[in-house]
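A structural walkthrough
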Amino acid sequence: MFSRRGKIFEIEKDSGFATRVLMLSMPSALVFMMLVALHLLPASIAIMAYSSIVLFNLVWLFPMTFELQQLKKYIFKLSQEGVDNIDNPYMSETETQDIIDAINEMHRFWSNKAETLEAQTISDTAVLDTLPDPIMMIDKTGSILGANASAHKLFGENITERKIEEIFNSNNFINAVARVIAQESDAENLIFYVSKRDNDDENKKLYAHIKHLPWVSKGRAVAVVSIYDLTKAMKIEKMQSDFVANASHELRTPLSIISGFIETLQTTAKDDKAAQDTFLKIMGEQAAYMANLIENLLSLSRIELNQDKTPDEPTVIQPIVDDVIHALSLKAKEHNIEFETNLSSQIKPIVADRGQLKQLLQNLCDNAIKYGDSGTKVKISAKMQETIPLSTSYQVAQGPAVAISINNQGAVIGSEEINRLTERFYRMQTHKDKNIKGTGLGLAIVKHIIIRHHGNMKVTSSKRYGTTFTVYLPVEQPSA
Ligand SMILES: Nc1ncnc2c1ncn2[C@@H]1O[C@H](COP(=O)(O)OP(=O)(O)OP(=O)(O)O)[C@@H](O)[C@H]1O
Ligand SMILES: [Mg+2]
């Protein structure tokens, strides 16, 4: 045990210190033994001289061994706690002090590197997670090393560390990935299908771009797969072509009726006054229907065009309801229907598109008259509501809203039919059978106006309480 600068110096028992002293003294021991054997030195002097060499080595080697051990302990502690959390040990030897400084410098350098890398990785991950399309990194065995949030959402949370073929059942895709990994090709592009999962009701059509990484990745990734989900785009494409088909069909029917009558009027009914009157009346009705259809189609496309433009007109509900009632009063009279209004005095003005709000109420009240039983009432009521019921397909506005209800007595709408009412051209069979005229676009227009206003609509229908369409419109529009 040695004491230096008030500190107790102690070295580990199994440090090899004694062996090192003996080994260092060994050559001197051999020299002394030879001198004694050759009778050039008395044994006692040789022993005394050798002992002083051993003592010298002992004193000389101790601080070095001690400081080496201190250095070892320091490096170990450094690796655990970091350079800023531990004190530099005192080193008497300049070399060991230099080693400590060099180690500290190296530690700082690598810590900074690690922090920069970590920050880079976090920001890269955040950027990848904001991408709407799935991206996956693949290693040389065909396992998924990493995936962004969209990939997890589309293919499942537990996809990492799993083989491509465990997740995808398309041989085309699996083979394309294998070709890129084996560097048979640098990149592959293909369209493939994945079958539906539990929470999905349809197969997915996907476009994949598989690319071999252009650098040798130390992180095991050899290829990157980016995927684009074509399912939604295809659905929209199909909806558009269905829409065009439906619209042309709806226009062709009255057009062929009118053409047929024109031909009849020019030939067989040329001199038949009674037939001419009947045919002209029908032709007038068909032309009116066509005009209505075209007007509704144009209306729909106008609303769709402005779908992303937030409404901004301060609007008071009462005068609009009065206008609508006034405009439909003649039709109501013809159907022997009366309006009854009950608008709460608490209703606040709302931010809306006045023209569209009038169109919405007019379509709903028109339906209530058209499909209401003769001799009944159409009741319009409005009150304040704390929030708007949530929608599963789009974002509704938060905060207070006005709930406007239009109620009529008439044929009950079944729950299956309620879900389809806002589809373009959808009309209930009972009304087609009763030959009640309509284009089937009124409620589709209503739906688009409501979406643009970040509102919602609920429909209830029963024999006892009749049919009620309740429209929720926010007082304030969400800021863009
Ligand atoms: N108040 C109601 N009571 C019963 N059925 C209704 C009511 N409102 C709508 N419907 C049903 O929903 C269908 C779709 O209504 P929508 O307003 O979209 O079209 P339409 O009234 O047939 O034609 P138009 O484009 O001329 O309004 C109607 O054909 C009708 O079958
Ligand atoms: Mg209608």
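These lines cover the structure that appears in this document, whether it is placed above or below. (Residues numbered from 1 in each chain as written. Chains lettered and ligands numbered in written order. Predicted model: local features only at pLDDT ≥ 70, side-chain atom pairs only at ≥ 80, totals over all residues. Heavy atoms only, no water.)

**Looking at the sheet that holds strand 6 (residues 204-212)**
Test applied: Strand pairing requires that DSSP identify at least two bridges connecting the strands. Runs of E in the DSSP output that reach at least two residues are strands. Runs of H or I that reach at least four are helices, and both are numbered from the N terminus. Structural elements are reduced to axes, namely lines fitted to C-alpha atoms, with helices fitted over the stretch in contact, and the angle between N-to-C directions of any two is expressed from 0 to 180 degrees.
Pairing is antiparallel across the open sheet formed by five strands, whose spatial order is 4-3-7-6-5. The open sheet is flanked by strand 4 (144-147) and strand 5 (187-194), the only strands paired with a single partner. Strand-to-strand twist of the sheet, defined as the mean angle between neighbouring strand axes without regard to direction, takes the value 25°. Sheet topology note: the strand 6/strand 7 (residues 221-229) ladder contains seven bridges and is antiparallel. Residue pairing for strand 7: Ala 208 is matched across the bridge by Ile 227.

**Considerations on the site of ligand 1**
For the record, the criterion: Whether a residue is near a molecule or strand depends on its heavy atoms: if one lies within 4 Å, it is near. The term polar contact refers here to a pair of N or O atoms within 3.5 Å; inside protein, the definition further demands a hydrogen-donor-capable atom paired with an acceptor-capable atom, and it admits residues adjacent in sequence only when both atoms are side-chain atoms. Surface accessibility follows the Shrake-Rupley procedure with a 1.4 Å probe radius. Residue values consider only the protein chains on display as shielding.
Lining the immediate environment of ligand 1, one finds 18 residues, of which Tyr 371, Arg 427, His 431, Thr 439 and Leu 443 sit closest. Residue Asn 367 places a side-chain N or O atom 2.8 Å away from an oxygen atom belonging to ligand 1. Contacts to ligand 1 include Arg 427, whose side-chain N or O atom sits 2.5 Å from an oxygen atom. Protein contact buries 97% of the 590 Å² of open area that ligand 1 shows by itself. Elements with a contribution of two residues or more to the shell around ligand 1: helix 10 (354-370) and helix 13 (442-452).

**Comments concerning the pairing of strand 13 (residues 456-462)**
Of the strand pairs in this sheet, strand 13 and strand 14 (residues 466-474) are connected by seven bridges, and their pairing is antiparallel. Residue Asn 456 lies in a different strand from strand 14, and its bridge partner there is Tyr 472. Taking the residues that link successive antiparallel strands as the turn, the strand 13-strand 14 hairpin has three residues.

**Some thoughts on the environment of Tyr 371**
Formally: Classification of residues uses two cut-offs on accessible area relative to the type maximum, computed with a 1.4 Å probe and protein chains only: under 20% is buried, over 50% is exposed, and between them is partly exposed. Only heavy atoms matter for contacts: two residues are in contact if any of them lie within 4.5 Å across the pair.
By the secondary structure assignment, Tyr 371 is in the loop between helix 10 and strand 11 (377-385). Classification of Tyr 371 as buried rests on a relative accessible area of 19%. For the pair formed by Tyr 371 and Val 412, sequence separation is 41 residues and the distance between their alpha carbons is 9.9 Å. Among residues more than four places away in sequence, those in contact with Tyr 371 are Asn 408, Gln 409, Gly 410, Ala 411, Arg 427, His 431 and Ile 436.

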